[in-house]
Amino acid sequence: MSTTFTTHGEGSTAVVDLDITGMTCASCANRIERKLNKIDGVQASVNFATERATVGGTADVDTLVAAVRDAGYSATPVRPRDPVESTDPGSAADAVATPATLELRGLRQRLVISALLSIPVIILAMVPAAQFTNWQWLSLTLAAPVIIWGGYPFHLAAWRNLRHGALTMDTLVSIGTLAAFGWSLYALFFGMAGMPGMTHGFDLLPARGAGASYIYLEAAAGVTTFILAGRYAEKRAKIRAGDALRALMDLGAKDVVIRRAGSEVRVPIGELGVGDEFVVRPGEKIATDGVVVDGASAVDMSMLTGESVPIEVTVDDDVVGATINTSGRLVVRATHVGADTALAQMARLVEAAQAGKARVQRLADRISGVFVPVVMLIAVAALIFWWVDGSVLTAFTAAVSVLIIACPCALGLATPTALMVGTGRGAQLGILLSGREVLEKTRRVDTVVLDKTGTVTTGEMRVDVVYGASGVTRDDVLTLAAAVETGSEHPIGRAIVVAAHDLTVPEADEFDADHGVGVSGNVGSSRIVVSGPARLDVELDPGLRVAVDEAQAAGATPVVVLRDGEPIGVIVVSDTVKPAAAEAVSRMKKAGLRPILLTGDNAGAARHVADAVGIDTVISDVRPQDKVAEVVRLQQAGATVAMVGDGINDAPALAQADLGIAMGTGTDVAIAASDVTIVDGDVNKVLDAIELSRATLRTIKQNLFWAFGYNVAAIPLAAAALLNPMIAGAAMAFSSVFVVLNSLRLRRFSPRR
């Protein structure tokens with residue numbers, strides 16, 4: 001059986017996607033990218049966040065996989081997917097049995113066990129009152145599994161990197177913990193540290209030869225546990241990067257009713273082919289893209305367009321897969337299936353936007369390229385110097401002090417703790433941040449692109465005004481319209497019924513929803529019809545015609561009410577602007593951000609909403625796939641873009657933007673494709689999210705500055721044998737405490753309103 005892989009383009013310019021495993025930091029992605037780009041005719045981009053390489057050129061898949069393997073990592077070609085292959089959400093086994101989730105499960109297990117074993121080791125070492133007779137041997141028993149088994153991923157990565165001539169943070173973690181562990185073993189078995197009654201002192205200056213009286217198990221075990229915690233949080237964020245695509249795939253129908261030989265048969269969606277005719281009953285999803293051959297209905301396109309008003313369709317109208325038939329029965333002829341549908345194309349847009357993002361290099365990883373070898377050289381230099389000076393134990397004491405003081409405990413905590421507190425505070429405020437990359441993205445954001453429906457507006461229809469013809473009151477128009485709309489599930493009908501809730505609405509009979517005309521029914525002895533003006537072949541009097549034209553110019557939706565074929569009034573319905581939208585736009589401007597309204601609505605509706613909230617720049621009549629192009633155009637013009645939206649049509653643009661912000665009241669796909677989620681859909685919290693992200697980023701930078709600064713100050717003291725290894729361990733612990741306390745300040749963050 002042949003095997004195919006996900007490719008884009010044609011002929012010799014095809015692009016292949018590879019899933020990469022084994023990367024532990026951004027420098028790993030850079031190394032793989034350089035390795036791939038050395039192949040003739042290849043252009044590669046490796047995304048550490050999504051753990052995926054996008055490779056274009058003439059090289060075959062086997063060559064690409066071999067190049068990644070030569071760099072010390074593993075690569076697997078990505079198999080093509082379409083909506084019919086989506087995982088059944090009800091299958092829990094399928095949902096968790098992926099390599100990524102298995103790796104996450106393994107990290108969680110290592111973290112929990114390591115934390116349980118490390119806590120008593122740290123307490124015993126740092127609290128002299130807890131040091132009972134032979135406590136050091138209990139510490140060894142508890143710490144050894146943490147250092148060897150818990151830290152195995154770091155040791156393995158350090159060894160793999162060393163084999164390929166690279167030094168990373170894994171190298172520091174591995175060397176620091178193993179050096180502390182190795183010296184502790186020496187002190188316990190060959191020094192004085194293993195004697196009954198041994199306690200840890202806190203002398204500032206180490207005595208000559210005193211190194212073998214101390215153990216550093218708490219440093220080794222603590223560093224291992226802290227770094228494991230950071231890696232676990234990071235892996236969880238990476239797994240969520242694929243949620244948007246999975247959510248898109250799960251939108252498609254799982255089965256379909258096909259017309260065959262005059263009968264209707266329900267079959268799996270995979271059996272549907274181009275040209276087949278299938279039936280869509282009210283409330284069902286349209287199985288795939290096609291054209292209506294029989295029937296009329298209103299189709300809810302909000303999942304794909306984000307717009308609130310269903311689209312009226314009848315014979316010869318095009319429909320899109322995964323949208324919902326709200327009322328009438330439709331027969332549709334399939335025109336596109338599988339990977340050719342609009343839904344699948346939308347998924348590819350999200351995937352391409354995510355894969356094409358350039359991730360900011362982590363500061364710790366960048367500095368470690370110089371920091372690690374320098375620390376190792378200093379430790380070796382101290383060892384040689386004091387050995388030549390005649391004191392072997394002092395030489396080892398100085399070298400171990402250097403390695404311990406340089407052990408990146410604070411570095412490992414600098415980002416995760418600030419991120420944990422910042423995201424926790426965000427959750428309290430109804431703001432969900434997806435990971436540390438989000439914080440880096442907010443630093444230069446200067447433009448905020450706002451989708452209209454569901455973001456600036458509520459997405460719910462309401463009656464704005466009612467016009468009556470000569471001799472007809474507004475209440476008469478509204479009550480007669482509400483009488484027939486009571487049997488309708490259309491959003492406009494519901495808005496009319498809600499508007500008439502204080503009036504006495506008569507009952508209608510012989511209700512009919514003719515989607516080619518509108519809704520109608522008998523009220524008393526009169527036949528009442530409610531429809532859009534474009535659907536009616538009637539002349540409106542000048543007053544009603546002006547009302548229709550003004551409503552359309554303002555971006556509202558007018559409907560005409562007829563009694564026995566004569567127009568008696570016009571009801572104007574529109575979406576409502578969110579109460580906080582104007583304040584939110586004003587705050588953005590004061591913060592130096594440029595708000596832009598981006599929508600698929602017509603220019604009149606867009607301009608009306610923009611004027612209501614104070615937005616100067618409007619981009620209207622934009623198709624879903626063109627939203628990405630608009631974001632790219634702004635980026636190419638030098639803007640750093642934050643995109644705010646809530647519909648599936650916004651998902652690719654959210655992924656393409658430098659910062660994607662989704663309204664939590666929107667679709668799961670938009671939320672999954674974003675970097676930030678506003679849980680309650682309050683547009684005022686867009687700026688709150690940016691402010692919180694920037695505050696968290698400042699805290700991370702402060703933490704990193706301290707983490708490196710204390711090392712720079714303390715390493716020379718350790719190398720000069722002026723720092724007791726235990727003091728070095730205490731200093732390292734204090735550095736971690738400082739980082740945690742600094743991060744906790746974020747709990748007091750309050751938005752500036």
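Position labels on residues start from 1 in each chain and follow its written sequence. Thresholds applied to this predicted model are a pLDDT of at least 70 for local features of residues and 80 or more for the giving and counting of side-chain atom pairs; totals over whole chains, interfaces and linings are not thresholded and use all residues. Side-chain numbers come from the whole structure's heavy atoms, not from hydrogens or water.

Enquirer: Which parts of the structure should I look at to understand the overall build of the protein?
Expert: Numbering goes from the N terminus for both helices and strands, where a helix is a DSSP run of H or I of at least four residues and a strand is a run of E of at least two. Across its full length, the protein holds 26 helices and 27 strands. Each residue's exposure class comes from its accessible area (1.4 Å probe, protein chains only) as a fraction of the maximum for that residue type: buried when under 20%, exposed when over 50%, partly exposed otherwise. Every one of the 753 residues in the protein was classed for burial, and the buried ones make up 54%. Restricting to contacts in the protein with at least 6 residues of sequence separation, those with at least 24 account for 69%. All accessibility values rest on the Shrake-Rupley procedure with a 1.4 Å probe; residue burial counts only the protein chains present in the view. Carbon together with sulfur atoms contributes 57% to the accessible area of the protein, which is approximately 32100 Å² in total. We call two residues contacting when some pair of their heavy atoms lies within 4.5 Å.

Enquirer: Help me out: how do you make sense of the side chain of Ser 297 in this one?
Expert: Along the chain, Ser 297 falls in strand β10 (residues 297-300). Judged by its relative accessible area of 0%, Ser 297 is buried. N or O atoms within 3.5 Å of each other form a polar contact, as long as, within protein, one can give a hydrogen and the other can take it, and as long as residues adjacent in sequence are counted only when both atoms are side-chain atoms. At a separation of 2.3 Å, a polar atom in the side chain of Ser 297 contacts the side chain of Asn 325. At 3.4 Å, the side chain of Ser 297 and the backbone nitrogen of Ser 327 are in polar contact.

Enquirer: Looking at this model, I keep getting lost on the pattern of salt bridges. Mind explaining?
Expert: Charged atoms that come close allow side chains of opposite charge to pair. Here, a salt bridge means any Lys or Arg side-chain nitrogen found within 4 Å of an Asp or Glu carboxyl oxygen. Per the counting criterion, the structure on display carries 14 salt bridges. Here Arg 545 and Asp 549 are joined by a salt bridge, their closest N and O atoms 3.7 Å apart. Residue Arg 545 and its partner Asp 549 are located together in helix α19 (residues 542-553), separated by four residues, close to a single helical turn. Judged by its relative accessible area of 35%, Arg 545 is partly exposed.

Enquirer: Can you help me understand the nonpolar core in this one?
Expert: Generally speaking, soluble globular proteins have nonpolar side chains that are buried together. Within this scheme, the nonpolar core is defined by two criteria: the residues are buried Ala, Val, Leu, Ile, Met, Phe, Trp, Tyr or Cys, and they are joined through side-chain atoms within 4.5 Å. Counting residues in each nonpolar core, the largest one holds 43 residues, and the members touching the most others are Val 448, Leu 450, Leu 659, Ile 661, Val 676 and Val 686. Considering every element that reaches this core, the biggest residue donor is helix α25 (residues 685-719), with nine residues. Domain limits in this description derive from either an automatic procedure or a database domain assignment. Mapped onto the domain boundaries, this core takes at least three residues apiece from domain 2 (100-243 + 356-418 + 700-747) and domain 4 (436-456 + 578-674). Residues contacting Ile 661, with those up to four places away along its chain left out, are Ala 642, Met 643, Val 644, Gly 645, Leu 654, Ser 674, Val 676, Ile 678, Val 686 and Ile 690. In terms of nonpolar packing, the next biggest core, distinct from the first, is built from 24 residues, Val 466, Val 477, Val 484 and Ile 492 among them.

Enquirer: What is the right way to look at the confidence of the model for the protein in this model?
Expert: Low pLDDT means the predicted coordinates in that region are not meant to be read closely. pLDDT measures the predictor's confidence residue by residue and takes values from 0 up to 100. Summing up the model confidence of the protein, the mean pLDDT is 79 and the portion of residues at 70 or higher is 79%. Model confidence for the protein, summarised as mean pLDDT per element, is weakest for helix α3 (residues 92-96) at 40 and strongest for helix α5 (residues 135-150) at 95. Every residue in residues 83-96 is under pLDDT 50, and counting partners more than four places away or in other chains gives 18 contacts.

Enquirer: For this particular structure, what's the right way to read the UniProt feature "transmembrane region" (unreviewed entry) in the protein?
Expert: In the numbering used here, UniProt assigns the "transmembrane region" (unreviewed entry) feature to residues 111-131, 137-159, 171-193, 213-233, 367-388, 394-415, 704-721 and 727-744. For residues 111-131, helix accounts for 76% and strand for 0%, while the C-alpha atoms at its two ends are 26 Å apart. The span residues 704-721 carries 89% helix and 0% strand; its end-to-end C-alpha distance comes to 26 Å. UniProt positions are given in the numbering used here, feature names are shortened, and annotations may be inferred rather than shown by experiment.

Enquirer: Which parts of the structure should I look at to understand unusual backbone geometry?
Expert: Only a minority of non-glycine residues have a phi that is not negative, and only a minority of peptide bonds are not trans. Of note in this structure, Glu 510 is not a glycine but carries a positive phi near 55°. Within the secondary structure layout, Glu 510 lies in strand β18 (residues 509-514). Since its relative accessible area comes to 59%, Glu 510 is described here as exposed. We note that Ala 721 has phi near 60°; this positive angle belongs to a residue other than glycine. Mapped onto the fold, Ala 721 is located in the loop between α25 and α26 (725-744).

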